[in-house]
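# Architecture at a glance
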Amino acid sequence: MGNLLPPGVCNLLNPAAIYANNEISLRDVEIYGFDYDYTLAQYSNLLHSMIFNTARDLLIEQYKYPEGLKKYDYLPGFAIRGLHYDVQKSLLMKIDAFHYVQLGTAYRGLKPVPDEEVIELYGGTQHIPLYQMSDFYGKGPSIKQFMDIFSLPEMTLLSSVIDYFINHGIEFDQVHLYKDISDAIKDVHVKGMMYKWIEKDMEKYILHGDETYAVLNRLVNLNKKLFLITNSPFSFVDKGMKHMVGKNWRDLFDMVIVQADKPTFFTDRRKPFRKLDDKGSLQWDKINKLEKGKIYKQGNLFDFLRLTGWRGSKVLYFGDHLYSDLADLMLRHGWRTGAIVPELEPEIRIINTEQYMHSLTWQQALTGLLERMQVDAESKQVLLEWMQERQEIRSLTKNLFNPQFGSIFRTFHNPTYFSRRLIRFSDIYMASISCLLNYDVNFTFFPRRTPLQHEAPLWMDQLCTAKILTHTA
């Protein structure tokens, strides 16, 4: 048994790899499309502190929130992407693919809520019914899902304000509070503050610009067509792309669409395209064709498809927002989709550690033992001890990723709600578009056949036990 699993076999995950949910051959892809923010342009965490501080100050100055909020700063390690927020109960929590709250990950303000209280709040269960949860785009009647990277400062501000109100015994209306914070964060984007900071100091905020240039240049040299669809305004994108790619960046693209208003861009036929001149001023002529080198604003996907004839699986579009970038493209239009998930890189580095592998292997072994021994009445005491130990290891493993909420991809053993959506809406996913540089342009991605539960052999547990024994021998 000792040599079933050679040591180090699990340390093979590569943070710069592309992971496939669906078989896809790049040979078939003729047209590459990109979102801008967090896809072509990756931003440093400094941006989150700026968004947090500015929205916090807006709450104090314009919404007349207490001055005491000034003492709260952005906590970079507090929240993770994909969390749900129950507006009525002021609960921020992690939910798995089966709509169950992961116990130990429900927070009111900056403090965890005891498991018993969470269960009581949901009528004696950890399960949250679908009608409350969310619609297709993660916006529910009472529960909101935070899906994009820009939502990290919003979750932290929400938690900080609630923390302040609870600590000072101030009563508040949950709905108003949520809306005020959401509006304050929106103001930072809508009023263009964020754009100004980035434009003023690109070196500080934009990461990996040279890699973006390398990816785009390589695709153009291989005769691929490129397009850009972004919600950001032209002057902002223009300055960022000049910084990363050079002043002639537009020559690389066959189509550039700004202020697209996604996700309605993909679903609503009403807004026609408008042309911008080189200075970014609007033109009023009717658009009968989309020309290379020109800049377009608004528009909709139906006109885009009609005017370009770009259909189906020869188009691959990359974005970071699973709902507003990828869902409709995959489900309604049959485009291929690539999700950009920067969190993959730090999470894979953790998975590759000896500590993580040891915890996971022992967890699997304990689970197998628990399942097989439960019929034996005499081992009740041992079973309780094993259950306790399994729970401790699970918490330990969770804390390796994030002490409050764990990994964005898993609750203890189930995929998270975020993971389920990622698998549903993306053919491939990766930490950044620079991962494309590691693959040939004709490469075929083959997802591995992972066992369904009825296919997973019993020896998986035994394998793990054997590995532990060889490590400890």
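Just so it is clear, the structure is predicted and the values come from calculations on it, not from any experiment.

Moving on to helix 5 (residues 174–190). Counted at 1.5 Å a residue, the expected span for helix 5 with its 17 residues is 24 Å, and the 24 Å between its end C-alpha atoms agrees. Three or more residues of helix 5 are buried, namely L177, Y178, D180, I181, S182, D183, A184, I185, D187, V188 and H189. Next to the buried residues of helix 5 lie helix 1 (46–61), strand 5 (84–86), strand 9 (143–145), helix 4 (151–167) and helix 6 (193–200). Of the residues flanking the start of helix 5, the one acting as N-cap is D173, its side-chain oxygen 2.8 Å from the backbone nitrogen of V175. One or two residues past the end of helix 5 sits G192, with phi positive at roughly 75°.

Per the UniProt record, "binding site: GMP" (unreviewed entry) is found at D37. Along the polypeptide, D37 turns up in the loop between strand 3 (31–34) and strand 4 (42–43). Given the relative accessible area of 10%, D37 is considered buried. Residues contacting D37, with those up to four places away along its chain left out, are Y43, F150, T230, S232, F236 and D320.

A few words on the pairing of strand 16 (residues 336–340). Here strand 16 lies mainly inside the structure; five of its five residues are buried. Side chains R336, G338 and I340 project from strand 16 onto one buried face, and the interleaved T337 and A339 project onto a second face that is buried too. Bridge count between strand 15 (residues 315–319) and strand 16: four bridges; the pairing is parallel. Looking at strand 16, one finds that F318 is bridged to G338. Tracing the backbone out of strand 15, into helix 12 (residues 322–331) and back to the parallel element strand 16 gives a crossover that is right-handed. Here strand 16 runs beside strand 17 (residues 428–430); their pairing, made up of three bridges, is parallel. Looking across to strand 17, one finds that I340 is bridged to M430.

Enumeration according to the criterion identifies 34 aromatic pairs in this entry. A centroid spacing of 6.4 Å and a plane angle of 50° characterise the contact between Y317 and W335, whose relative ring orientation is tilted. With Y317 in strand 15 and W335 in the loop between helix 12 and strand 16, this residue pair connects regions lying 18 residues apart in the sequence. Overall, the relative accessible area of 2% leaves W335 in the buried class. Members of the aromatic cluster, each reached through a chain of ring pairs, are F227, F265, F266, F273, Y296, F304, W310, Y317 and W335. Seen from the ring of F98, R420 lies directly overhead, with NZ or CZ sitting 5.4 Å from the centre.

Hydrogen bonding along the main chain pairs the strands of a sheet, whether they run parallel or antiparallel. With mixed pairing, nine strands are arranged side by side in an open sheet as 1-17-16-15-3-11-12-14-13. Since the sheet does not close on itself, it has two edges, and those belong to strand 1 (19–20) and strand 13 (273–276), each with one partner. Where strand 3 meets strand 11 (residues 225–229), four bridges bridge the pair, whose relative direction is parallel. Pairing of F34 across the sheet is with L228, part of strand 11.

Along the polypeptide, D427 turns up in the loop between helix 16 (417–425) and strand 17. By relative accessible area, which is 2% here, D427 ends up buried. A distance of 2.9 Å separates the side chain of D427 from the side chain of N22, its partner in a polar contact. Here the side chain of D427 touches T337 through a polar contact of 2.9 Å, landing on its backbone nitrogen. When neighbours within four sequence positions are excluded, D427 is seen to be in contact with Y19, A20, N21, N22, I24, M330, W335, R336 and T337.

Moving on: the pattern of salt bridges. Under the defined criterion, the tally for this structure stands at 20 salt bridges. When the shortest N-O distance is used, the salt bridge between E117 and R108 registers 3.2 Å. E117 gets classed as partly exposed once you look at its relative accessible area, which sits at 32%. Looking at R108, the relative accessible area reads 23%, which means it is partly exposed. Between R270 and D268 there is a salt bridge whose closest N-O contact spans 2.7 Å. According to the relative accessible area criterion, D268 is partly exposed, its value standing at 21%. A network of salt bridges, in which partner residues are shared, links R56, D57, K70 and D73.

The rules behind each value
- Residues numbered from 1 in each chain as written.
- Predicted model: local features only at pLDDT ≥ 70, side-chain atom pairs only at ≥ 80, totals over all residues.
- Heavy atoms only, no water.
- Helix = DSSP H or I, 4+ residues; strand = E, 2+ residues; numbered from the N terminus.
- Expected span 1.5 Å × (residues − 1).
- Buried < 20%, exposed > 50% of the residue type's maximum accessible area, 1.4 Å probe, protein only.
- Contact = heavy atoms within 4.5 Å.
- Polar contact = N/O pair within 3.5 Å; in protein donor to acceptor, adjacent residues only side chain to side chain.
- UniProt positions renumbered as here; feature names shortened; annotations may be inferred.
- Pairing = 2+ DSSP bridges.
- Right-handed = clockwise from strand over helix to strand, strands pointing away.
- Phe/Tyr/Trp six-rings, centres within 6.5 Å; stacked < 30°, edge-to-face > 60°.
- Lys NZ or Arg CZ within 6 Å of the ring centre and 35° of its normal.
- Salt bridge = Lys/Arg side-chain N within 4 Å of Asp/Glu carboxyl O.

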